[in-house]
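# Structural characterization, general
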Amino acid sequence: CLIHFYKRKRKKLIIFFQNFLESVCLLNKRQLSVRMHLRQAFLNVWFIFPHMLGSPALISSEADKSYSSPIIVVLGATGVGKSSLANVLLGRDKNYKGKEFKNGCFHVSTGLDSITKETCADQGYWMGDTNFQNFTVIDTPGFGDRLVEEEKTIENMVTTLRDEIKYVHVFIIAFKQTDNRMTDSLRSMISLFEKMFGKKFWDNVILEATHWNHGDDAERIRSESHPPLTQKFWSKEFNRILQREFSLGRDLDSVFIDTFYHDKSPKELEVFSNHSRILWEYALSREPFECKDIEIALTEIRELQNLIDSL
């Protein structure tokens, strides 16, 4: 029954069970140790099944033959530091110029214009550490308040995630440290994501505060503001705004990964490592979001643009 149930989706499962049943039937003929044989069968079930049937971080599908799990998508406005973050997660330099990629993917620039023009995937070890498993990070273009002009860019993101990537474990929404209020540009960008992915995508979202320097001077300056700009305050304020604007029913987790941390500072290195670990563990814990139904119509883009223009 189990074989029949998964026949359409899991051809490998059929072969697995057939081999398993044949092995059990041969026990008496070969006079093997029943205990050892069943122990091996148990190990096969324990380690192969999660990969075949889909665990939170190791989902097996046609798409995952080319994209390693977990799969992380970095979203955010133009100039927030998405490409820099994506590169650092892969163990590359924060200022990597993306020379191996077309259309500005993973290209870090100090300019105000968006360099990344398409949605692109790359794979590697977490932070370049071979002790970790491979994963996939998706670099995306920045969006602002010119949604109609960015229509083709938006369409490219939809088709790439829906038809190529297919599953996402984490959507990182990156904001600058200074983005402590809901501007029209931020509101349109997040509205676009929600219309594109649907309400369920919030279950896989984590917030990232970029340009958050963890040095002593930067902490002193933030502590002297009124009220003090702490990580707790930033997270609480952003969650309050998101819950008010988008009717979220829970607080979203936040990380404060500074890609420009001072690697000679033990304190900054420790904070960077801790927040990177939080993101990795979050990615491993998420049930994958299925992208098969994502879409956004031109009419919705124009409606958002009209709303921005009227404000």
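Starting afresh in each chain, residues are numbered from 1 along the sequence in its written order. Side-chain atom pairs in this predicted model are given and counted only at pLDDT of 80 or more, local residue features only at pLDDT of at least 70, and totals for whole chains, interfaces and linings cover all residues. Side-chain descriptors were evaluated using all non-hydrogen atoms of the structure, hydrogens and water having been removed beforehand.

## Section: the sheet that holds strand β3 (residues 134-139)
Strand pairing in a sheet is mediated by backbone hydrogen bonds. Such pairs are either parallel or antiparallel. In plain terms, the rule: A pair of strands counts as paired when DSSP detects no fewer than two bridges linking them. Only DSSP runs of H or I covering at least 4 residues are called helices, and only runs of E covering at least 2 are called strands; the numbering of each starts at the N terminus. The contact criterion used is simple: two residues touch if any of their non-hydrogen atoms lie within 4.5 Å. Axis geometry follows a simple rule: fit a line to the C-alpha atoms, using only the stretch in contact for helices, then measure angles between N-to-C directions, giving values from 0 to 180 degrees.
Here six strands make up an open sheet; going across it, the order is β2-β3-β1-β5-β6-β7 and the pairing mixed. Each edge of the open sheet is held by one strand with a lone partner, namely β2 (120-125) and β7 (254-255). Bridging between strand β6 (residues 205-210) and β7 involves two bridges; their strand directions are parallel. Across the sheet, L207 pairs through a bridge with S254, a residue of β7. Strands β1 (71-76) and β5 (170-176) of the sheet are contacted by helix α7 (residues 184-197), whose axis makes an angle of about 175° with β5. Against the sheet, helix α10 (residues 266-285) touches β1, β3, β5, β6 and β7, its axis set at about 150° to β5.

## Focus: helix α6 (residues 151-165)
Under the convention used in this document: One fewer than the residue count of a helix, multiplied by 1.5 Å, yields its expected span. Each residue gets one of three labels from its accessible area relative to the maximum for its type: buried under 20%, exposed over 50%, partly exposed in between, using a 1.4 Å probe on protein chains only.
Counted at 1.5 Å a residue, the expected span for α6 with its 15 residues is 21 Å, and the 20 Å between its end C-alpha atoms agrees. For α6, the complete set of buried residues consists of T153, I154, N156, M157, V158, T160, L161 and I165. Note on α6: the residue one or two positions beyond its end, K166, has a positive phi of about 75°.

## Describing the pattern of salt bridges
Using the following cut-off: Whenever a carboxyl oxygen of Asp or Glu lies within 4 Å of a side-chain nitrogen of Lys or Arg, that contact is scored as a salt bridge.
Applying the stated rule across the entire model yields 11 salt bridges. The salt bridge involving K267 is made with D216; its shortest N-O contact spans 3.0 Å. Of this pair, K267 sits in helix α10 while D216 sits in helix α8 (residues 216-223); the two residues are 51 residues apart in sequence, bridging distant segments of the chain. One salt bridge in this structure joins K292 and E290, with 4.0 Å as the shortest N-O distance. Since its relative accessible area comes to 37%, E290 is described here as partly exposed. Several salt bridges converge on common partners, so that one network encompasses D216, E219 and K267.

## Comments concerning the nonpolar core
Under the convention used in this document: Only buried residues count toward a nonpolar core. Its members are Ala, Val, Leu, Ile, Met, Phe, Trp, Tyr and Cys residues joined through side-chain atoms within 4.5 Å.
Core analysis: the largest hydrophobic core is formed by 41 residues, its most contacted members being L161, F197 and W202. For this core, the secondary structure elements donating two or more residues are β1, α6, β5, α7, β6 and α9 (231-246). The element that contributes the greatest number of residues to this core is α7, accounting for seven residues. Ignoring sequence-local partners within four residues, the contact set of W202 consists of I173, I190, E194, L242, F246, L248, R250 and L252. One finds V74, V88, L90 and Y282 within the second-largest nonpolar core, a separate group that totals 25 residues.

## Observations regarding the side chain of Q177
Let me state the cut-off plainly: N or O atoms within 3.5 Å of each other form a polar contact, as long as, within protein, one can give a hydrogen and the other can take it, and as long as residues adjacent in sequence are counted only when both atoms are side-chain atoms.
Position of Q177 among the secondary structure elements: in the loop between β5 and α7. Its relative accessible area of 15% is what places Q177 among the buried residues. Separated by 3.5 Å, the side chains of Q177 and R222 make a polar contact.

## Considering the packing of aromatic side chains
Note the cut-off: When the centres of two rings from Phe, Tyr and Trp lie within 6.5 Å, Trp using its six-membered ring, the rings pair. Their planes under 30 degrees apart give stacked, over 60 give edge-to-face, and anything left gives tilted. When the NZ atom of lysine or the CZ atom of arginine is within 6 Å of a ring's centre and also within 35 degrees of its normal, the charge is said to sit over that ring.
In total, this model carries 18 aromatic pairs according to the counting rule given. Here the aromatic rings of W212 and F256 are separated by 4.8 Å at their centres, their planes lie at 70°, and the arrangement is edge-to-face. Of this pair, W212 sits in the loop between β6 and α8 while F256 sits in the loop between β7 and α10, and the two are 44 residues apart along the sequence. A cation over an aromatic ring shows up here: R92 above the ring of F106, its NZ or CZ 5.1 Å from the ring centre. Its end group placed over the ring of Y282, R286 keeps NZ or CZ at 4.5 Å from the ring centre.

## Some remarks on the packing of α7 against α9
Put simply, the rule is: Each crossing gets its handedness from the near helix: less than a right angle anticlockwise from the far helix is left-handed, clockwise is right-handed. When residues are grouped by polarity, Ala, Val, Leu, Ile, Met, Phe, Trp, Tyr, Cys and Pro land in nonpolar, Asp, Glu, Lys and Arg in charged, and all others, Gly among them, in polar.
It is at 12 Å that the axes of α7 and α9 come closest, and there the two elements cross at 60°. Between α7 and α9 the crossing geometry is right-handed. Between α7 and α9, the contacting residues are R187, I190, S191 and E194 on the first element and L242, E245 and F246 on the second. Of the residues belonging to the contact of α7 with α9, the class tally is three nonpolar, one polar and three charged.

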